[in-house]
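Summary of the model geometry
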Amino acid sequence: MGPENHNDDAEAGALLDDQPSWHYEDRNDGPEASTPGGSDMHLQLGSSDAGDSQFPLPVWLRESSKSFHWRWVPVRVRQAARAAMAWSKGPDPPQIQKITPFFPWIQEAPARFIDKHLPKRRHKAALLGFFYFCWLLTFILVLNHSAQAGNIEGYGKPQPIWCGASFWNPGNSCGLNGNRCRPFDNATLSFRCPANCKAVKVLNPHAVGDQEINYQSYVIGGPIFAEENSTIPDTVYRGDSFICQAAIHSGLVGNDNGGCGVALLSGEQSNFTSTKRHGIRSIGFDSSFPKSFTFVSGLSSKCVRDLRWPLLAVTCGFTTILSLCTTSPPIFFCSIFTMLFFHVGLVSDPPNHSDYASLTSLIIGRFLPAAFVAFVIYRFSVKPQQTDLTASIERTILWLGGAWVGGLNNYTFDFIPIQRLTPHDLQVQAGAKLALVLVVLLIFAIALGQVWYLRLEGRFPRYLAIYSIFVAFLLLCVALPPLNLRIHHYVLALLLLPGTRPQTRPGLLYQGILVGLFINGVARWGFDSIMQTTVDLRGDGQLGSLLPDIIAPVLGSSNITFSWNRPPHPYDGVSVLVNDVERHRWYYGEGDASHTFNRNDEMEKQYFRFGYMSGSETGDFTKAGTWETEGGFKKMEPGPSR
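Residues numbered from 1 in each chain as written. Predicted model: local features only at pLDDT ≥ 70, side-chain atom pairs only at ≥ 80, totals over all residues. Heavy atoms only, no water.

Some remarks on the pairing of strand E12 (residues 292-295)
The side-chain alternation of E12 yields two buried faces, one formed by Ser-292 and Thr-294 and the other by Phe-293 and Phe-295. As paired elements, strand E6 (residues 237-238) and E12 share two bridges and run antiparallel to each other. Residue Arg-238 lies in a different strand from E12, and its bridge partner there is Ser-292. Here three bridges tie strand E7 (residues 259-266) to E12, and the two strands are oriented antiparallel to one another. (Buried < 20%, exposed > 50% of the residue type's maximum accessible area, 1.4 Å probe, protein only. Helix = DSSP H or I, 4+ residues; strand = E, 2+ residues; numbered from the N terminus. Pairing = 2+ DSSP bridges.)

Spelled out as C-alpha cells, the structure:
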C-alpha cells in the first residue's frame, strides 16, 4: 500500500475519532475492523463486505453510548424501535392538512357579499349584533309562549310535571298503609307534560308484585281490551305509574308535543291489565292497590303544547345562517356554542324542573363554567381546525350538523342500549355489551384515521404523549378502591377532542359531534364528578343489604301468619310489604316477632316482601312470596328487590 493511500486512511481514522459515538449509529449498527495496512489498525466508515481475515469490533465500539445502556435488548428490536420513532415523526417537511373547497366560488359567496357591502369592521359588528338580537328575541318569544301552561276549563291552570312524576313513592316511602301519599280517592290533578316522555325508563330494578321491571317504561294498568293507538277513556292505572307515560298510553297526550290533562284519583282497584298502546307496553298486576287514577275526558282546554320542534327550527336556522356567512373562527365557535347550549338546556333536553324561572337559573349557572372549558376547547382544537377554512357549506353540513347530532343526543343516540356507562348497567342491560364493543371498535377505527393525519402534520409524538397521560390518569382513577370511574358525555368529548385538530373533512364531523356531546352532557346533567361513590352510582337501586330470615308461614282458612328471627346489628326492625304497600312495621321489643294477615278476597293473590329497618331507614326487601288463591304459599326466591 502506497504512502498516499495510507495518509488518506489515517485522515479518515482521525475524522472518525473526532466524531461522537452517536454519529455513526444513524448510518449503521457500527463500523467493522479493516485488514491491517502496515503496522496500524484503522477504521473505515460505512459497511464493507468482510472477508475471512476481518475481525468484528466489540459491541461497546459498534453501539453508541446511549444505546449501549439498552444492550439487553436485541439489536433488531432496537432497530425496529428506531424505525417506529422515525415513522411517527412523519414526513419532512410536515404536510399540514388544509381543506380545498368544492366549488369555492359558491361556498365563499356569502362572505364575499358581506365584505363587498359591509367592508368596515364596525358595520360587520352592527350586523352581528342585529343578528344576535333577532335570534334572542325570536327564541324568547317562542319559549315564553311554550312556557304558558294554558287553562283547563273547570280545573284552572295545569301544573307542569316532569316525565317521571307519579302519585306514589317506591318501597315503603309512603309510610304505613300509604298514609304519606294520601288522598287515595276523590281528588284531581290538572297537569301538563313535556314532549318525549316515552323515552324515559326506570334504570334500576323495581318490584311489581313478583315481577322485576327495569330499562322500560313504568306504566301499570290500562284498559282490558284495546287496539294499538286507540283512545279509550275508561283506562285505570296503578298509583305509582308515571303520569305522563300513562297519559301517552291512554291517548290523552302525544309524545311529540306533550300536552295537558286532568288525572282523577279513583281509590283502590284490582287486576291492572297489560296492554300495548301508542308505543308503550304497560305492566300487568293481578292484585289490588289502594291508589289508582284515571283521566277525565271531554274537557275544554287551551293547552299550549311543547314547542321544542318550532324552536329547533328557529335555532337551527339561525346557526346555519351564521355558519354560512362568517369566516371568523372565534365568532363562529362562540356563537354556535352559546346558542346550542341554551337550546339544549332550555328546550330539547332540559333538566327536571317545576318552572322556567328555576330552569333558566340552573342553565345560566352551568353555562359559566362550561364557557371557560369551551375556551380551552377552542384554543387547542377548534381554532387550529377552523383557521383559514373557506369551505363554509362543508363546515355547515359537517361541523354544525355534527354539533346538532351530538347536542340532540337524547334523540339521535337514544337507540343505543347503553343508558349509563357503569359496570352494573353493562352486565344487566340487554345488548349493552355488544353495543359497547361496536362503539369502541368504531372509535378505534376513527382514531386510526386521525393518527394518520396527525403523523402527516408531524404532531403524532406530542399527541401520543398527551394521550398516554390521559390513559395513565384513567388507570389511576380505576385503581382508587373507594370510588368508581364514571365516563360522562362531557368527559368522553374532552378526551377525544384534542385528536380532531387537523383540518380535514372527517375531522370537521368528529369535532362537531364531540362539541355537541359536551354541550348536551353539561347542559342536561352538569359537571358530574368522574369519580363517584357506590351510593351515587346506585341511586334508587338495590343496597346489597342483609335480608330477613322468614320462618315458614302458618296458613289458616283465610289468614296467614309470618314469623322472623331477631334482626342482626345494626338493624332493629322489620318492614312488611303486601302488594307493594307497607302493611306492618315491627321493632325489636315491641311484641312478638310475627304478624297475621287476613284476606278479604279469596280470589285474589297477595304478594309479601320483607326488609330490615334501622330506625326509619329500610334496607333491601326480599323477593315476593305469593299467597295463592287456592290457599297455598309460594315461597320467596333468593335475592333482593327494591
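Examining helix H4 (residues 75-88)
Since the α-helix turns once every 3.6 residues, residues separated by three or four places project in the same direction. Taking 1.5 Å per residue as the helical rise, H4 with its 14 residues ought to reach 20 Å, and the 20 Å between its terminal C-alpha atoms agrees with that figure. Downstream of H4 by one or two residues, Gly-90 has phi in the positive range, about 80°. (Expected span 1.5 Å × (residues − 1).)

So, the pattern of salt bridges
Proximity of charged atoms lets side chains of opposite charge pair with each other. Summed over all chains, the structure comprises 14 salt bridges. In this structure, Asp-580 engages Arg-238 in a salt bridge whose closest nitrogen and oxygen atoms are separated by 3.0 Å. A residue pair is termed long-range when its members are at least 10 positions apart, and Asp-580 in the loop between strand E18 (573-578) and strand E19 (581-587) and Arg-238 in strand E6 qualify at 342 residues. (Salt bridge = Lys/Arg side-chain N within 4 Å of Asp/Glu carboxyl O.)

Brief notes about a nonpolar patch on the surface
Where nonpolar side chains cluster on the molecular surface, the patch consists of Phe-102, Phe-103, Trp-105, Ile-106, Ile-393 and Ile-397 and spans about 680 Å² of accessible area. Listing elements by their share of the nonpolar patch, those giving two or more residues are helix H5 (104-107) and helix H12 (392-407). When you line up the elements, Ile-397 lands in helix H12. The exposure class of Ile-397 is exposed, given its relative accessible area of 57%. (Patch = residues over 30% accessible without salt bridge, like charges linked within 9 Å, V, L, I, M, F, W, Y side chains within 5 Å. Areas by Shrake-Rupley, 256 points an atom, 1.4 Å probe, with all protein chains shown as cover.)

What to know about the UniProt feature "transmembrane region" (unreviewed entry) in the protein chain
In the UniProt entry, the feature "transmembrane region" (unreviewed entry) is given for residues 125-143, 307-324, 359-378, 434-453, 465-487 and 508-527. Within residues 307-324, the helical portion is 94% and the strand portion 0%, while the C-alpha atoms at the span's ends are 26 Å from each other. As annotated, residues 359-378 has a helix share of 100% and a strand share of 0%, and its two end C-alpha atoms lie 27 Å apart. (UniProt positions renumbered as here; feature names shortened; annotations may be inferred.)

Concerning the sheet that holds strand E2 (residues 159-160)
Here five strands make up an open sheet; going across it, the order is E2-E3-E7-E12-E6 and the pairing mixed. If you trace the sheet from one side to the other, it starts and ends with E2 and E6, each paired once. The sheet contacts of helix H8 (residues 243-250) involve strand E3 (185-193), E6 and E12, and relative to E12 the element is tilted by about 50°. (Contact = heavy atoms within 4.5 Å. Axes fitted to C-alpha atoms, helices over the stretch in contact; angles between N-to-C directions.)

Quick notes on the environment of Arg-609
As for its position among the elements, Arg-609 is in strand E21 (residues 606-614). Arg-609 sits in the buried class, given a relative accessible area of 3%. Along the backbone, Arg-609 and Asn-579 are 30 residues apart, and their C-alpha atoms lie at a distance of 8.3 Å. With near-sequence residues (within four places) excluded, Arg-609 lies in contact with Ala-207, Ser-575, Val-576, Leu-577, Asp-580, Phe-621, Thr-622, Lys-623, Ala-624, Ser-641 and Arg-642. Reaching out from Arg-609, the side chain makes a polar contact with the side chain of Asp-580 at a distance of 3.2 Å. (Polar contact = N/O pair within 3.5 Å; in protein donor to acceptor, adjacent residues only side chain to side chain.)

A look at the pairing of E21
Among the nine residues of E21, eight are classified as buried, and the element is accordingly described as predominantly covered. In the sheet, E18 pairs with E21 via six bridges, with the strands oriented antiparallel. Bridged to Gly-573 within E21 is Met-613. Of the pairings in the sheet, the one linking E21 to strand E22 (residues 617-622) comprises three bridges and is antiparallel in character. Across the sheet, Gly-611 pairs through a bridge with Phe-621, a residue of E22. Counted between consecutive antiparallel strands, the loop separating E21 from E22 contains two residues, among which Gly-615 sits at a positive phi close to 70°.

What about H12?
Of the positions making up H12, those classed as buried are Ser-392, Glu-394, Arg-395, Thr-396, Trp-399, Leu-400, Gly-402, Ala-403, Trp-404, Gly-406 and Gly-407. Where H12 is buried, its residues touch H5, helix H9 (308-325), helix H10 (329-348), helix H11 (356-386), helix H13 (409-412) and helix H18 (505-525).

Section: the packing of aromatic side chains
Summed over all chains, the structure comprises 36 aromatic pairs. Relative to Phe-597, the ring of Phe-562 lies with its centre 6.2 Å away and its plane at 65°, an arrangement referred to as edge-to-face. Of this pair, Phe-562 sits in strand E17 (residues 559-564) while Phe-597 is found in strand E20 (residues 594-598), placing the two residues 35 residues apart along the sequence. This pair shows no difference in class: Phe-562 is buried, exactly as Phe-597 is. What links up through ring pairs into an aromatic cluster is the set Phe-332, Phe-333, Phe-337, Phe-341, Phe-342, Phe-367, Tyr-378, Trp-399, Tyr-490, Phe-518 and Phe-527. (Phe/Tyr/Trp six-rings, centres within 6.5 Å; stacked < 30°, edge-to-face > 60°.)

Digging into the nonpolar core
Core analysis: the biggest nonpolar cluster contains 53 residues, and Phe-333, Phe-337, Phe-341, Leu-346, Trp-399, Phe-518 and Ile-519 have the highest contact counts within it. Mapped by element, the contributors of at least two residues to this core are helix H7 (121-147), H9, H10, H11, H12, helix H17 (489-496) and H18. Broken down by element, this core gets its largest block of residues, eleven residues, from H10. Those residues within four positions of Phe-333 in sequence are excluded, and the remaining contacts are Ala-374, Ile-377, Tyr-378, Val-382, Trp-399 and Val-515. The next biggest cluster of nonpolar side chains, apart from the first, holds 22 residues, and it includes Ile-161, Leu-189, Cys-197 and Leu-265. (Core = buried A, V, L, I, M, F, W, Y, C linked by side-chain atoms within 4.5 Å.)

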